[in-house]
Amino acid sequence: MAKSGLLSTSIARKVAMALSGLFLILFLTQHLFINSTSLFGPDNFNAISHFMGHNPLVQYIIQPILIIGVLFHFIMGFVLDFKNRSSRPIGYAKYNGASNASWPSRNMIISGSVVLAFLALHFYDFWLPEMNVKYLNPDLNKINDATRYYPELKEHFESLLRTVLYCLAFGLLSLHLWHGFNSSFQSVGFNNKYSKGLYKFAKFYSVFVPFGFVVVALFHHFNQ
């Protein structure tokens, strides 16, 4: 009975981890779409960014849910990793993981930690300045300026070091998604005739979306 309860708890954690990951994948898609509009000039990017920054639904409902989702996903990731490591037998020390699993699947905690550090940098670059302008030190001129977003984006990619860090983080995000996307489907019990197609889409997504962010970063770095 105790084992059954423990198993249920473990499954529940994995399902919660999977659902939060799928939610964050939707955010990544939306974020890439907005950022990619900046490749074609400032007008559309400024218009969308201004709308998102002043929409009450986005600011007071979606944004807090997103932040909670990010924190939950990474905290649950560390919890699962700790539980997995603590449940291994001592004699398991010579286990050769490389012969049974890919590097991304064996090092999700590493790639996840780097992605978390990248998100902290991203929040520092974009979210905190926005909160400062709107709430901590309100600046009505900036708040109402619908043309400020594009120059601010370009400014953050002026530094070569900052651009390289972003690109490396997106590379590890790709590896994290490569395993995580498919694992999410498995954790929620998705297994039918569409599974193979979805797994192929997951692999494509894992490369395409991070590559898209890299293109945006490099484009703005080399077009200062």
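Reading the values: the criteria
- Residues numbered from 1 in each chain as written.
- Predicted model: local features only at pLDDT ≥ 70, side-chain atom pairs only at ≥ 80, totals over all residues.
- Heavy atoms only, no water.
- Core = buried A, V, L, I, M, F, W, Y, C linked by side-chain atoms within 4.5 Å.
- Buried < 20%, exposed > 50% of the residue type's maximum accessible area, 1.4 Å probe, protein only.
- Helix = DSSP H or I, 4+ residues; strand = E, 2+ residues; numbered from the N terminus.
- Contact = heavy atoms within 4.5 Å.
- Expected span 1.5 Å × (residues − 1).
- Arc of directions from axis to C-beta.
- Bend = angle between axes of the 7 residues up to and from the residue.
- Polar contact = N/O pair within 3.5 Å; in protein donor to acceptor, adjacent residues only side chain to side chain.
- Phe/Tyr/Trp six-rings, centres within 6.5 Å; stacked < 30°, edge-to-face > 60°.

Draft legend 1. Geometry of the nonpolar core. Grouped together as the largest cluster of nonpolar side chains are 30 residues, with contacts concentrated most on L28, F170 and Y205. Among the secondary structure elements, those contributing two or more residues to this core are α1 (2–36), α3 (56–86), α5 (108–136), α7 (149–156), α8 (160–187) and α9 (195–221). Broken down by element, the residue count for this core peaks at eight residues, all from α8. When neighbours within four sequence positions are excluded, L28 is seen to be in contact with L173, L177, Y205, V209 and F213.

Draft legend 2. Here's a closer look at helix α2 (residues 42–54). Relative to the 18 Å expected for 13 residues at 1.5 Å per residue, α2 spans 18 Å between its end C-alpha atoms, a close match to the ideal helical length. For α2, the full list of buried residues reads F45, N46, S49 and G53. Looking straight down α2, one finds its buried side chains confined to an arc of 95°; they lie on one side. Every exposed residue of α2 that faces more than 90 degrees away from the buried side is listed here: D43 and N44.

Draft legend 3. Region of interest: α8. Between its first and last C-alpha atoms α8 spans 39 Å; for 28 residues at 1.5 Å apiece the expected length is 40 Å, and the two agree. Of all the bends found along α8, the most pronounced is centred on L177 and spans about 30°. With a side-chain oxygen positioned 3.3 Å from the backbone nitrogen of L161, the residue opening α8 is S159.

Draft legend 4. Representation of the packing of aromatic side chains in the model. Applying the stated criterion across every chain yields a total of nine aromatic pairs. Residues F157 and Y166 carry aromatic rings whose centres are separated by 5.2 Å and whose planes lie at 75° to one another, so their mutual orientation is edge-to-face. The pair F157 / Y166 is uniform in exposure class, with both members buried. When the centroid spacing of 6.2 Å and the interplanar angle of 50° are considered together, the rings of Y166 and F170 count as tilted. Placement of the pair is Y166 and F170 together in helix α8, with a separation of four residues, close to one helical turn.

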